[in-house]
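# Observations on the three-dimensional arrangement
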Amino acid sequence: MKSEKQLDSSLASSVRHARRRYLSRPTALLNKFPRQTALMILIVVGAYALGYASNHFFSETAVDLGHHTDFSEHHCADAVSPSAVRRTIHERVFNGKSPWENFPPPHVARILDRQWTKGWGSNASVFEHLITQVQPKTIIEVGTFLGASAIHMAELTKKLGLDTQIICINDFRGWPGWHDEGKSIKMVNGDSLLLYQFMQNVVTANAMESIVYLPFSTSIALSELCLWGVYGDLVEIDGAHDFHSAWVDINNGFKVLRPRGVLFGHDIVWEGVRKAVHLFAKIHGFHIKIDGEHWILY
């Protein structure tokens, strides 16, 4: 018979042995559990957690960003022939008549200057370079003001013997408080008369057959050209200088650019314009060439 001490020692030994077996079971199970399966479970759980988080914190931002880069709301029509561009605009905007008929109207005839074509970079070398290179049949200018650059382009195309139609897009309202050292056009019942002075400048330059215009916001005008099938071999962006305005104009202008056409613009020195140009070039895979204060995508 075992003594009491021997029984206690034997019991303690059994307890220690059982404890070691119990503690070793998780390690044995892990050793039997394939590591690839464990890794797969971790990946699945991590992906689920990330998806849950993105759904609650990131998806709306991603969707909003997608909307800012998606300008495919309207499907552009098939292109009309260059010879039909002027007629299309007359029919769509001016009831089939030329807006130059019976110009100027009596109530502004005595107010307008015979010629006042203030502009910024309107005679820059980029115009001659691109017109010589592209030989455009249609030019779309986004942001015209008083028509200085449009008239310059009309003169260049005539010099090169080109039959080019230039479409000027502007709402012809100016901006609050604009002036030109006392030579500003007088307002008539709140009308800045920019449209009429632009038209007078075109008449004085004898460029009525080369220039037609759309007196609307840039977004509306470019969207309509898209729907009418009117495209440009050259599209110039020279509107507002803030990022959002430039971004919208560049994207909408690109939609009405003919294949192998050139998209270019002014005011690259402005931060908002510069950011919009570089972002668009990055997204669409273009390179940027700087010519003075003008930018060209190629």
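Quick look at the structure, then. (Residues numbered from 1 in each chain as written. Predicted model: local features only at pLDDT ≥ 70, side-chain atom pairs only at ≥ 80, totals over all residues. Heavy atoms only, no water.)

Helix and strand counts for the protein stand at 11 helices and seven strands. Counting every position in the protein, which comprises 298 residues, the buried fraction comes to 38%. Accessible surface for the protein amounts to roughly 18,200 Å². Of this, 56% is attributable to carbon and sulfur atoms. (Helix = DSSP H or I, 4+ residues; strand = E, 2+ residues; numbered from the N terminus. Buried < 20%, exposed > 50% of the residue type's maximum accessible area, 1.4 Å probe, protein only. Areas by Shrake-Rupley, 256 points an atom, 1.4 Å probe, with all protein chains shown as cover.)

The next subject is the layout of surface pockets. In this model, the largest pocket occupies a volume close to 670 Å³. Every residue lining the largest pocket is counted, 33 residues in all, and those nearest its centre are N170, W175, D238, G239 and A240. Contributing elements (two or more residues each) for the lining of the largest pocket: α7 (148-159) and α10 (243-255). Grouping the amino acids of the lining of the largest pocket by side-chain chemistry returns 11 nonpolar, 16 polar and six charged. (1 Å grid on protein atoms, 1.4 Å probe; cavity = no way out; pocket = protein on both sides within 12 Å on 5 of 7 lines; lining within 4 Å. Points joined across faces, edges and corners; volume = space filled by probe spheres on them. Nonpolar A, V, L, I, M, F, W, Y, C, P; charged D, E, K, R; others polar.)

Before going further, it helps to spend a moment on the packing of aromatic side chains. What the rule picks out here adds up to 12 aromatic pairs. Ring centres of F198 and Y213 lie 5.7 Å apart, and the angle between their planes is 85°; this geometry places the pair in the edge-to-face category. Note that F198 is positioned in helix α8 (residues 194-204) and Y213 in strand β3 (residues 211-214), a separation of 15 residues in sequence. Three or more aromatic residues joined by ring pairs make a cluster, and in this case those are F94, W100, F172, F198 and Y213. (Phe/Tyr/Trp six-rings, centres within 6.5 Å; stacked < 30°, edge-to-face > 60°.)

Quick look at empty space enclosed by the protein now. Over the atoms, a rolled probe matching the size of one water molecule traces out where space is still vacant. On inspection of all chains with the given rule, the structure shows one cavity of 30 Å³ or more. Around the largest cavity, the lining residues are I237, D238, G239, A240, H241, A246, I250, H266, D267, V273 and W295.

Here the focus is the pattern of salt bridges. All chains considered together, the criterion is met by two salt bridges. R258 serves as the salt-bridge partner of D233, at 3.7 Å between the closest nitrogen and oxygen. Placement of D233 in strand β4 (residues 232-237) and of R258 in strand β5 (residues 257-266) is noted, with a sequence separation of 25 residues between them. Its relative accessible area of 16% is what places D233 among the buried residues. Judged by relative accessible area, R258 falls into the buried class, the value being 16%. Its salt-bridge partner being E271, residue K275 comes within 3.1 Å of it at the nearest N-O pair. With K275 and E271 both in helix α11 (residues 271-284) and four residues apart, this pair spans about one turn of that helix. Residue E271 is classed as partly exposed on the basis of its relative accessible area, which comes to 48%. (Salt bridge = Lys/Arg side-chain N within 4 Å of Asp/Glu carboxyl O.)

Before going further, it helps to examine the state of the cysteines. Enumeration according to the criterion identifies one disulfide in this entry. Paired by a disulfide, C76 and C226 hold their sulfur atoms 2.1 Å apart. On the S-S bond that ties C76 to C226, the torsion sits near -110°, and the link is left-handed. Pair noted here: C76 is in the loop between α3 (59-68) and α4 (85-93) and C226 is in helix α9 (residues 218-228), with a separation of 150 residues, a long-range link. (Disulfide = S-S within 2.5 Å.)

A separate point is the side chain of H152. By the element assignment, H152 lies in helix α7. Among the residues examined, H152 registers a relative accessible area of 14% and is labelled buried. Aside from chain neighbours lying at most four places away, what touches H152 is S122, N123, A124 and F127. (Contact = heavy atoms within 4.5 Å.)

All right, on to the nonpolar core then. Ranked by size, the top nonpolar core spans 67 residues in total, and within it I89, I211 and L225 carry the most contacts. Those residues in contact with I211 that sit more than four places away from it in its chain are R86, W100, A150, I151, A154, Q165, I166, C168, F198 and V202. (Core = buried A, V, L, I, M, F, W, Y, C linked by side-chain atoms within 4.5 Å.)

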